[in-house]
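# Close look at the chain arrangement
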Amino acid sequence: VYKRQLLENVRSNADAKGLDLRKTYITHIQVNKARKGRRRGFKAHGRIKDWCASNCHVELFVTEKAENVKKAEEEKAKHFSKKQLARMKLRVGKPAKKTDANTAVPGK
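Just so you know, these numbers come straight off a predicted model, no measurement behind them.

### Side note on the overall build of the protein chain
Scanning the protein chain for helices and strands turns up 2 helices and 4 strands. The helix and strand sequence of the protein chain, counted from the amino end, reads α-β-β-β-β-α. The proportion of buried residues among the 108 residues of the protein chain is 4%. Put simply, of all contacts in the protein chain between residues at least 6 apart along the chain, 49% involve residues at least 24 apart.

### Here we look at unusual backbone geometry
For His45, which is not glycine, the phi torsion reads 60° and is therefore positive. Along the chain, His45 falls in the loop between strand S2 (37–42) and strand S3 (48–53).

### Concerning the pairing of S2
Regular strands place their side chains on alternate faces of the sheet. For S2 and S3, the ladder comprises 6 bridges, and the chain directions are antiparallel. When the bridges of S3 are listed, Phe42 appears paired with Ile48. Between S2 and S3, which pair antiparallel one after the other, the connecting turn spans 5 residues, and His45 there sits at a positive phi close to 60°.

### Quick word on the pattern of salt bridges
Per the stated rule, a full pass over the model turns up 2 salt bridges. Its salt-bridge partner being Asp50, residue Arg38 comes within 3.5 Å of it at the nearest N-O pair. Residue Arg38 is found in strand S2, and its partner Asp50 is found in strand S3; the two are separated by 12 residues along the sequence. Accessibility expressed as a relative area gives 61% for Arg38, which makes it exposed. A relative accessible area of 44% places Asp50 in the partly exposed class.

### Here's the deal with the environment of Phe61
Its location among the elements puts Phe61 in strand S4 (residues 56–64). In contact with Phe61, other than residues within four places in its own chain, are Tyr25, Ile26, Thr27 and His28.

### A few points about helix H1 (residues 3–17)
An ideal rise of 1.5 Å per residue puts 21 Å on 15 residues; H1 measures up with 21 Å between its terminal C-alpha atoms. Phi turns positive one or two residues past the end of H1, at Gly18, with a value near 80°.

### Observations regarding a nonpolar patch on the surface
Side chains of Leu6, Leu7, Ile26, Ile29, Val31 and Val58 sit close together on the surface and give an oily, nonpolar patch of about 510 Å² of accessible area. Taken together, the elements giving at least two residues each to the nonpolar patch come down to H1 and strand S1 (24–33). Of the residues forming the nonpolar patch, the biggest block, 3 residues, is contributed by S1. Looking at the element boundaries, Ile29 is found in strand S1.

### Re the environment of Thr27
Looking at the secondary structure, you find Thr27 in strand S1. When sequence neighbours within four positions are dropped, the list of residues in contact with Thr27 reads Phe61, Val62 and Thr63.

### Concerning the environment of Val31
Positionally, Val31 belongs in strand S1. Separated by 26 residues in sequence, Val31 and His57 have C-alpha atoms that sit 5.6 Å apart. Not counting residues up to four positions away in its chain, the partners in contact with Val31 are Cys56, His57 and Val58.

Rules of the game
Residues numbered from 1 in each chain as written. Predicted model: local features only at pLDDT ≥ 70, side-chain atom pairs only at ≥ 80, totals over all residues. Heavy atoms only, no water. Helix = DSSP H or I, 4+ residues; strand = E, 2+ residues; numbered from the N terminus. Buried < 20%, exposed > 50% of the residue type's maximum accessible area, 1.4 Å probe, protein only. Contact = heavy atoms within 4.5 Å. Pairing = 2+ DSSP bridges. Salt bridge = Lys/Arg side-chain N within 4 Å of Asp/Glu carboxyl O. Expected span 1.5 Å × (residues − 1). Patch = residues over 30% accessible without salt bridge, like charges linked within 9 Å, V, L, I, M, F, W, Y side chains within 5 Å. Areas by Shrake-Rupley, 256 points an atom, 1.4 Å probe, with all protein chains shown as cover.

The structure is reproduced here in structure tokens:
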């Protein structure tokens, strides 16, 4: 209901903290239940009616956007299947097979 007042409050708080309003954006909004407001209303013929208000607490987090910085290019990590990883472990753990001529056979 009071969205405009909340945004005006955000603007004044940003000015007080020295943030640039053009670079700010809302990062978090949370609404929590508050204690019910209880009042009594008096009606005709001596009747009394309770009027309960459902109040809430509103949290707004506003941050300032940082300037974009290009990410350094990195080589993409290679993804191996379980079968490929098992084969690589076998190759590393055992010496290469030798033939009669004492030459290594390339692995398959």
